[in-house]
Amino acid sequence: MAQNVHISKLTLTDFRNYTRLSWRPGPGLTILTGPNGAGKTNVLEAVSLLAPGRGLRAAPLGRLAYQPPGGEGLRGGWGVAAELTVESPHGQEAITLATAVEEGQRRRQFRLDGEAVRSQADVADWFACVWQTPAMDRLCSEGAGGRRRFLDRLVVAHQPGHAREMAAHEQALAGRNRLLAAPPGTWDHDWLDALEASLSRHAVAATAARLAFLEAMAALPAPPSPPSSTRHAFPRSLLELSCPLAERLASMPALEVEEWMKATLRQNRQEDALRGYCGFGAHKAHFTLRDATTGRLGGEASSGQQKTMVLGTLLDHARLMAQVGPVRPVLLLDEPLLHLDALHREALMERLLEAGATALLTGTDRSTFAPLEGQAAFWGVETGAEGSPTLQRLPSLPTLGA
């Protein structure tokens, strides 16, 4: 069983519109409510940056620093720190996790219990998160890159080493692209051979991890079915990966696929140089979601149906990780009830309570979360006296049945 992790304290320093925040959210479900622009999503983004990757907005690091009203005096550095409580069958363990960018630096650093972390991938053994944002409401019908990033976030939670493979893959890919940008007569073919060997090794490993995750999701049994009008509001989705590497891994040993990829990359050097990028590999895979009942591709569904497919996938992922993951990911759901009808809103909240996961949700209207009254912690996000937001614990309201 996976270890359960919750944030017992979150500290933001010069991050987005927060000059300073010290907040103790606690386990279970936490709802952040407040007007648009108050800073709700910024809290979720800060939490997402505690995990490997670029965070839920994929923003450049320099744009995350606090900027005073009026845009004068932009600060260059920022920090996010958390005290985590890790629960396992053997008891509880407290650890600290922090990430920061110092002024003038271009890379962010991680610290685990005060010690510098050699690789971001090492963090994934202790903390993971997955998220949904309003920008993902049409994930299935927009660019393939967004779907790949969505898939890889889920895979990293399942197999933390996937983050290391993808980082090494991107580094080798960038190195090859730089060499091929030079005139062909100046190419260092020995160096290209080495980069292509590295690129092939990491691409095959990353593809194998993606396929292993998809197999685990496909084998996940359906959730228990107590009487409920909302039980089938989130139908299962089939997750499919299409790329030459995945096709060959289905019938060939990984080492043979690596050799095939190296030979293909060498053969394609001239063509890739002309187009300015590598034309195939793990970075060009196509990931799709398909309704398991109707067979409809997500890209053919309405935006509301696409949202239910994404949310349903995250809920199934949470069930899977509770069984097999090193840690259960924290769910970050930004305006999850937006564009959902009443049935799907009720179903989502019911499934979140069943999952027992740590989840942070945002919304402008507290009343839409009424079914969670008494079962979730509600916090109001308001602009403070000096402009930086504050979080205030909201008193419980009577439930509908009270």
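Residues numbered from 1 in each chain as written. Predicted model: local features only at pLDDT ≥ 70, side-chain atom pairs only at ≥ 80, totals over all residues. Heavy atoms only, no water.

J.: Explanation requested: the UniProt feature "binding site: ATP" (unreviewed entry) in the protein in the structure shown.
T.: Within this structure's numbering, the places UniProt gives as "binding site: ATP" (unreviewed entry) are G34, P35, N36, G37, A38, G39, K40 and T41. Structurally, the position occupied by T41 is in helix 1 (residues 40-48). What T41 contacts, discounting residues up to four positions off in sequence, is R57 and D334. (UniProt positions renumbered as here; feature names shortened; annotations may be inferred. Helix = DSSP H or I, 4+ residues; strand = E, 2+ residues; numbered from the N terminus. Contact = heavy atoms within 4.5 Å.)

J.: Which parts of the structure should I look at to understand helix 4 (residues 189-219)?
T.: Side chains that are three or four residues apart share a direction in an α-helix, a result of its 3.6 residues per turn. In this model, helix 4 (31 residues) spans 44 Å end to end at C-alpha, consistent with the 45 Å of a helix rising 1.5 Å per residue. The backbone nitrogen of D190 lies 3.2 Å from a side-chain oxygen of the residue at the head of helix 4, namely D188. (Expected span 1.5 Å × (residues − 1). Polar contact = N/O pair within 3.5 Å; in protein donor to acceptor, adjacent residues only side chain to side chain.)

J.: Can you help me understand unusual backbone geometry in this one?
T.: A negative phi holds for most residues other than glycine; trans holds for most peptide bonds. In this structure, D14 takes a positive phi of about 50° despite not being glycine. Looking at where D14 falls in the secondary structure, it is placed in strand 1 (residues 4-15). Among the residues examined, D14 registers a relative accessible area of 15% and is labelled buried. Within the chain, D113 stands out as a residue other than glycine whose phi angle is a positive 50°. Here D113 shows up in the loop between strand 6 (109-112) and strand 7 (115-116). (Buried < 20%, exposed > 50% of the residue type's maximum accessible area, 1.4 Å probe, protein only.)

J.: Please explain the packing of helix 2 (residues 144-158) against helix 3 (residues 161-180) as it appears in this structure.
T.: When two helices pack together, you describe them by how their axes are tilted relative to each other and by the distance separating the axes. Following both chains from N to C, one finds helix 2 and helix 3 inclined at 135°, their axes separated by 6 Å at the closest point. Looking at the two axes, helix 2 sits oblique to helix 3. The segment helix 2 lies against helix 3, with D152, V155 and V156 engaging H162, A163 and M166. Here the contact of helix 2 with helix 3 is built from residues that sort into four nonpolar, one polar and one charged. (Axes fitted to C-alpha atoms, helices over the stretch in contact; angles between N-to-C directions. Parallel < 35°, antiparallel > 145°, perpendicular 65-115°, else oblique. Nonpolar A, V, L, I, M, F, W, Y, C, P; charged D, E, K, R; others polar.)

J.: What's the story with the pattern of salt bridges in this structure? I'm lost.
T.: Any two side chains of opposite charge can pair if their charged atoms end up close together. With the rule as written, the count across this model stands at 18 salt bridges. Note that D137 and K307 form a salt bridge whose closest N and O atoms lie 3.7 Å from each other. Here K307 lies in helix 8 (residues 303-324) and D137 lies in the loop between strand 8 (129-132) and helix 2, a separation of 170 residues in the sequence. For D137, a relative accessible area of 7% gives the class buried. Where R366 meets E373, a salt bridge forms, and the shortest distance between an N and an O atom there is 2.9 Å. Residue R366 shares its accessibility class with E373, and that shared class is buried. Three or more residues are tied together by salt bridges with common partners; here these are R176, D193, E196, R266, R269, E271, D272 and R275. (Salt bridge = Lys/Arg side-chain N within 4 Å of Asp/Glu carboxyl O.)

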